[in-house]
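What follows is each chain in one-letter form.
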Amino acid sequence: MSIIGITGGKGGTGKSTVATALAYELAKEYNVLLVDADVDCPNDHLLLGIKRCKVKAVMQRIPIFDLKKCSRCGLCSKACRNNAVVSIKGKYPLLMQPQCNGCGACFFKCPSDAISWGEKEIGRIYSGKNHNINLLSGELAVNEPVSELVVNSLNKIMETKKKQYDFVVIDTAAGTHCPVITALEKCDKVIAVTEPTPLGAHDLKLILDLLKHMGKETRVIVNRSDIGEIRIVKNLLKKYRLGISKKIRFSKKILESYSKGTPIKLDLTGIIGES
Ligand code: SF4
Ligand code: SF4
């Protein structure tokens, strides 16, 4: 069993195109689980024409104020770095739920034991299947800030299921923030997808630094390789002693597949076998 991460420092470089194309190709021969961990904007199900069904809700703790115990001291409001507790002098505190990330600072600061824990739904995990690909897809609810919890929940489900599969392909969000790191933690190999532009190279450097720090075996795919300056990417990769594993040319066929929700066919399996 091998876990392959598809990532990229910059959004819109074609991560999902590569992740779904790789899963599609692998699924012709192997048992494949595709995990869409781009939970702010999951779209692998759309690219593969998969109808998703809800598996579970992802919950986050939130404080509940016991007004009988509350002395209206306002310390909970002062302790909250997210401005999630509004406290007007002499009045009871009021929780602004969307801003609360469940950190617990208010709970520990309260001198009157007036805070206990409740829950709010911050996202959902879905599953589905098509083209012999099993999909797990996480989605953060609108106006919720903590996407990492949804990725964590995906990771936990993936851990319980991974033994059933030959390959797990994880499609991460763009960037180098916590949800991306959480999604990449379990990966054996990572493919960074970029484009041959100064912005693409800049953000590729960020993700390559992260992957080096995490000690991940890394491949690089350049999407829309014929549009832009490929030497920008090549020059950067020299510093990491890496080469370009695959160039994907701009193609009308890829755009057509996008618009129809049909799998994109790219020859990618050789990349994950390279040393
Ligand atoms: S749990 Fe943290 S974020 Fe939520 S209200 Fe309390 S201090 Fe603020
Ligand atoms: S810290 Fe506790 S007692 Fe003080 S206002 Fe908040 S809930 Fe009430």
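Engineer: Would you mind showing me how to read the overall build of the protein here?
Structural biologist: Summing up its helical and strand segments, the protein has ten helices and eleven strands in all. Projected onto its principal axes, the C-alpha positions of the protein cover 65 × 40 × 35 Å. The proportion of buried residues among the 275 residues of the protein is 41%. Partitioning the intrachain contacts of the protein with sequence separation of at least 6 by distance along the chain shows that 76% fall at a separation of at least 24.

Engineer: Looking at this structure, I do not really get the sheet that holds strand β7 (residues 133–140). What am I missing?
Structural biologist: Strand pairing in a sheet is mediated by backbone hydrogen bonds. Such pairs are either parallel or antiparallel. The sheet built from nine strands is open, its strands ordered β3-β6-β7-β2-β8-β1-β9-β10-β11 with mixed pairing. Strands at the two margins of the open sheet, each flanked by one partner only, are β3 (53–65) and β11 (246–248). Taking each pair of neighbouring strands and ignoring which way they run, the sheet shows an average axis angle of 20 degrees. Looking at chain direction, strand β10 (residues 217–223) and β11 are connected through three bridges and run parallel. From the neighbouring strand, asparagine 223 faces β11, where its bridge partner is isoleucine 248. Lying over the sheet, helix α5 (residues 147–161) contacts β2 (32–36), β3, β6 (115–130), β7 and β8 (167–171), oriented at roughly 155 degrees with respect to β7.

Engineer: Where do I start with the site of ligand 1 in this structure?
Structural biologist: Not every one of the 14 residues close to ligand 1 is listed here, only the nearest: Cys80, Cys100, Cys103, Ala105 and Cys106. Considering only residue class, the shell around ligand 1 consists of ten nonpolar, four polar and no charged.

Engineer: Explain the domain arrangement of the protein to me, please; I cannot follow it from the model alone.
Structural biologist: When the parts come together, some accessible area is lost, and that loss is often what is quoted as the size of the interface. For the protein, the assigned domains read domain 1 (2–58 + 123–273) and domain 2 (67–113). Look at where the C-alpha atoms of domain 1 and domain 2 centre, and you get two points 39 Å apart.

Engineer: What am I meant to see in helix α1 (residues 15–26) here?
Structural biologist: Taking 1.5 Å of rise per residue, the twelve residues of α1 would be expected to cover 16 Å, and the 16 Å separating its terminal C-alpha atoms lies within 8% of that figure. In terms of burial, α1 is largely enclosed, as twelve of its twelve residues are buried. When α1 is considered as a whole, its buried residues turn out to be Lys15, Ser16, Thr17, Val18, Ala19, Thr20, Ala21, Leu22, Ala23, Tyr24, Glu25 and Leu26.

Engineer: Explanation requested: the environment of valine 35 in the structure shown.
Structural biologist: Its location among the elements puts valine 35 in strand β2. Along the backbone, valine 35 and valine 150 are 115 residues apart, and their C-alpha atoms lie at a distance of 12 Å. Every residue in contact with valine 35, bar those within four places of it in the chain, is listed here: Leu136, Leu154, Met158, Val168, Ile170 and Asp171.

Engineer: Looking at this structure, how should I read the site of ligand 2?
Structural biologist: Taken together, 14 residues are adjacent to ligand 2, and Cys70, Cys73, Cys76, Cys110 and Ser112 come closest. When the residues that make up the shell around ligand 2 are grouped by side-chain class, the tally is nine nonpolar, three polar and two charged.

Engineer: Just checking my understanding: could you explain helix α9 (residues 252–260) for this structure?
Structural biologist: For an α-helix, 3.6 residues make a turn, and residues three or four places apart therefore share a direction. Of all nine residues making up α9, only zero are buried, and the element is barely covered by its neighbours. One or two steps after α9, the chain reaches glycine 261, where phi turns positive at roughly 70 degrees.

Engineer: Please clarify how the environment of glutamate 159 should be interpreted in this entry.
Structural biologist: Looking at the secondary structure, you find glutamate 159 in helix α5. The class of glutamate 159 is exposed, set by 11 C-beta atoms lying within 10 Å. Along the chain, glutamate 159 and lysine 186 lie 27 residues apart, while their C-alpha atoms are 9.1 Å from each other.

Engineer: When you look at the pairing of β6 in this model, what are you seeing that I'm missing?
Structural biologist: Side-chain positions along a regular strand alternate between the two faces of the sheet. Of the strand pairs in this sheet, β3 and β6 are connected by twelve bridges, and their pairing is antiparallel. Note on β6: the bridge partner recorded for methionine 59 is glutamate 121. Both β6 and β7 contribute to a ladder of eight bridges, which runs antiparallel. For asparagine 130, the partnering residue across the bridge sits in β7 and is isoleucine 133. Joining the antiparallel neighbours β6 and β7 is a turn of two residues, in which histidine 131 adopts a positive phi near 50 degrees.

Thresholds applied
- Residues numbered from 1 in each chain as written.
- Chains lettered and ligands numbered in written order.
- Predicted model: local features only at pLDDT ≥ 70, side-chain atom pairs only at ≥ 80, totals over all residues.
- Helix = DSSP H or I, 4+ residues; strand = E, 2+ residues; numbered from the N terminus.
- Buried ≥ 20, exposed ≤ 12 C-beta atoms within 10 Å, placed from the backbone.
- Contact = placed C-beta atoms within 7 Å.
- Pairing = 2+ DSSP bridges.
- Axes fitted to C-alpha atoms, helices over the stretch in contact; angles between N-to-C directions.
- Near = placed C-beta within 6 Å.
- Nonpolar A, V, L, I, M, F, W, Y, C, P; charged D, E, K, R; others polar.
- Domains from an automatic or database assignment.
- Expected span 1.5 Å × (residues − 1).

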